[in-house]
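Residues per chain, in single letters:
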Amino acid sequence: SWMKMYVMQDFMAQWDVESFSFFVYKDANDPLLYCGPVWDFDLSMGATGLGRLPNVMMYSDWLRGHREGWLTELDKFPAFTETLRTFAREEFIPALQNYLDGEFRDQRETLAPSAAMDAHRWGETDSFSQSAQNLLSWLEGRAAFWESFREDPAAFCTVTLRYGFNDMEIFIPRGEPVGFVPVEEYGEHLYSSFRKKYGNIDGWTCEDGSRLTPETVIDHDQILTPFAE
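Residues numbered from 1 in each chain as written. Predicted model: local features only at pLDDT ≥ 70, side-chain atom pairs only at ≥ 80, totals over all residues. Heavy atoms only, no water.

Turning next to the nonpolar core. Val56, Met57, Leu161, Tyr163 and Trp204 are the most contacted members of the largest nonpolar core, which has 61 residues in total. Contributions of two or more residues to this core are made by α1 (2-11), α2 (54-58), α3 (62-66), α5 (78-101), α7 (128-151), β4 (156-162) and β5 (167-173). Broken down by element, this core gets its largest block of residues, eight residues, from α5. Beyond its immediate stretch of four places on either side in the chain, leucine 161 contacts Val56, Asn166, Asp167, Met168, Ile170, Pro182, Trp204 and Leu224. (Core = buried A, V, L, I, M, F, W, Y, C linked by side-chain atoms within 4.5 Å. Buried < 20%, exposed > 50% of the residue type's maximum accessible area, 1.4 Å probe, protein only. Helix = DSSP H or I, 4+ residues; strand = E, 2+ residues; numbered from the N terminus. Contact = heavy atoms within 4.5 Å.)

Now the structure itself:
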């Protein structure tokens, strides 16, 4: 139960994990402590307490990088980590792919008319189709990154984004372009309260003084600092 919870929380980049919305239980006549159930994933898959950060969260090693607790303590045991890796490779990723290839699309078609009526009722633009596609793209991208990073983390470089309020780490395959820039143009949106306090972020500067672009090749660990124009 702990291994499965680790996979769910880490893969979905669940912002609240081990801070809020995290449960364990024990049956009266059972000496073991079980982890679960999963609950409250409104802040996940790119939604965070800071704003919408889909790309940053997609390329994060979320639990080990940002959440210290029981799950990360268990990850220090090689037997747990190897079992987790095997479960992810042989069961979780195949099940996820089957879902994305079939049931996800069926559910999207089923929900579309209700979403359209909801938008009509409140006089809003019907953005359901685009939102569903964005979610599908995030899940597919997360699966590609997450599986390869779990299998060979040494093949990735650590890129630290030095936000004024916090540091966030992403992991880019060594020798490959970063592929995006953590700004509005690429879907990254910080809440106005953070922008008001810490300033707008219009781009990022690499350690050599150059500006980060989607084509910037990442070949070593580095720290990026934001700038406002």
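Another point: the pattern of salt bridges. Counted by the stated rule, this structure contains eight salt bridges. Here glutamate 73 makes a salt bridge to lysine 76, at a shortest N to O gap of 2.8 Å. We classify glutamate 73 as partly exposed; its relative accessible area is 42%. Measuring nitrogen to oxygen at the nearest pair gives 3.0 Å for the salt bridge that ties aspartate 167 to arginine 162. Using a relative accessible area of 28% as the deciding quantity, one classes aspartate 167 as partly exposed. One salt-bridge network, in which partners are shared between bridges, spans Asp61, Arg64, Asp75 and Arg150. (Salt bridge = Lys/Arg side-chain N within 4 Å of Asp/Glu carboxyl O.)

Taking 1.5 Å of rise per residue, 24 residues should cover 34 Å, and α7 covers 34 Å from first to last C-alpha, within 8% of that figure. All of the buried residues along α7 are Ala132, Leu136, Trp138, Leu139, Gly141, Arg142, Ala143, Phe145, Trp146, Phe149 and Arg150. (Expected span 1.5 Å × (residues − 1).)

The next thing to look at is the packing of helix α6 (residues 103-121) against α7. Two numbers describe how α6 lies on α7: the axes approach to 10 Å, and their chain directions differ by 155°. With respect to their mutual orientation, α6 and α7 come out roughly antiparallel. Handedness of the crossing formed by α6 with α7: right-handed. Residues Phe104, Arg105, Arg108, Leu111, Ala112 and Ala115 of α6 touch α7, and the partners they reach there are Phe128, Ala132, Gln133, Leu135, Leu136, Leu139 and Glu140. When grouped by side-chain class, the residues that make up the contact of α6 with α7 number nine nonpolar, one polar and three charged. (Axes fitted to C-alpha atoms, helices over the stretch in contact; angles between N-to-C directions. Parallel < 35°, antiparallel > 145°, perpendicular 65-115°, else oblique. Left-handed = near helix turned anticlockwise from the far one by under 90°. Nonpolar A, V, L, I, M, F, W, Y, C, P; charged D, E, K, R; others polar.)

Our focus in this paragraph is the packing of aromatic side chains. The way to describe two aromatic rings as a pair is by their centre distance and the angle between their planes. Scanning all chains against the criterion turns up 19 aromatic pairs. Measuring from centroid to centroid gives 5.2 Å for tryptophan 15 and tryptophan 62, while their planes differ by 25°, and the two rings are stacked. On the criterion of sequence distance, the pair formed by tryptophan 15 in the loop between α1 and β1 (24-25) and tryptophan 62 in helix α3 is long-range, its members being 47 residues apart. A single burial state applies to tryptophan 15 and to tryptophan 62, both of which are buried. The interplanar angle of 75° and the centroid separation of 5.2 Å between the aromatic rings of phenylalanine 149 and phenylalanine 156 together place this pair among those described as edge-to-face. A single burial state applies to phenylalanine 149 and to phenylalanine 156, both of which are buried. Aromatic ring contacts, followed pair by pair, group Tyr59, Phe145, Phe149, Phe156, Phe171 and Phe180 into a single cluster. Residue placement shows arginine 121 over the ring face of tryptophan 122; its charged tip is 4.2 Å from the ring centre. (Phe/Tyr/Trp six-rings, centres within 6.5 Å; stacked < 30°, edge-to-face > 60°. Lys NZ or Arg CZ within 6 Å of the ring centre and 35° of its normal.)

What follows concerns α6. Under the 1.5 Å per step criterion, the end-to-end length of α6 is 27 Å for 19 residues, consistent within 8% with the ideal 27 Å. Those residues of α6 that fall on the buried side of the exposure criterion are Phe104, Ala115 and Ala119. Tucked inside the fold, the buried residues of α6 contact α5 and α7. Among the residues trailing α6, glycine 123 stands out with phi positive, at a value near 65°.

So, on to the pairing of strand β10 (residues 222-227). Across three bridges, β4 lies against β10 in parallel orientation. Looking across to β10, one finds that valine 159 is bridged to glutamine 222. Of the strand pairs in this sheet, strand β8 (residues 203-205) and β10 are connected by three bridges, and their pairing is antiparallel. Its bridge partner lying in β10, glycine 203 is registered against phenylalanine 227. (Pairing = 2+ DSSP bridges.)

Turning next to unusual backbone geometry. Cis peptide bonds are those with omega within 30 degrees of zero, and the linkage from glycine 36 to proline 37 qualifies with 0°. Along the chain, proline 37 turns up in the loop between β2 (34-35) and β3 (51-52). Positioned with a positive phi, alanine 13 is a non-glycine residue whose angle comes to about 50°. If you trace the backbone, alanine 13 turns up in the loop between α1 and β1. The phi dihedral of serine 21 falls on the positive side, at around 55°, and the residue is not glycine. Within the secondary structure layout, serine 21 lies in the loop between α1 and β1. Overall, serine 21 belongs to the buried group, its relative accessible area being 13%.

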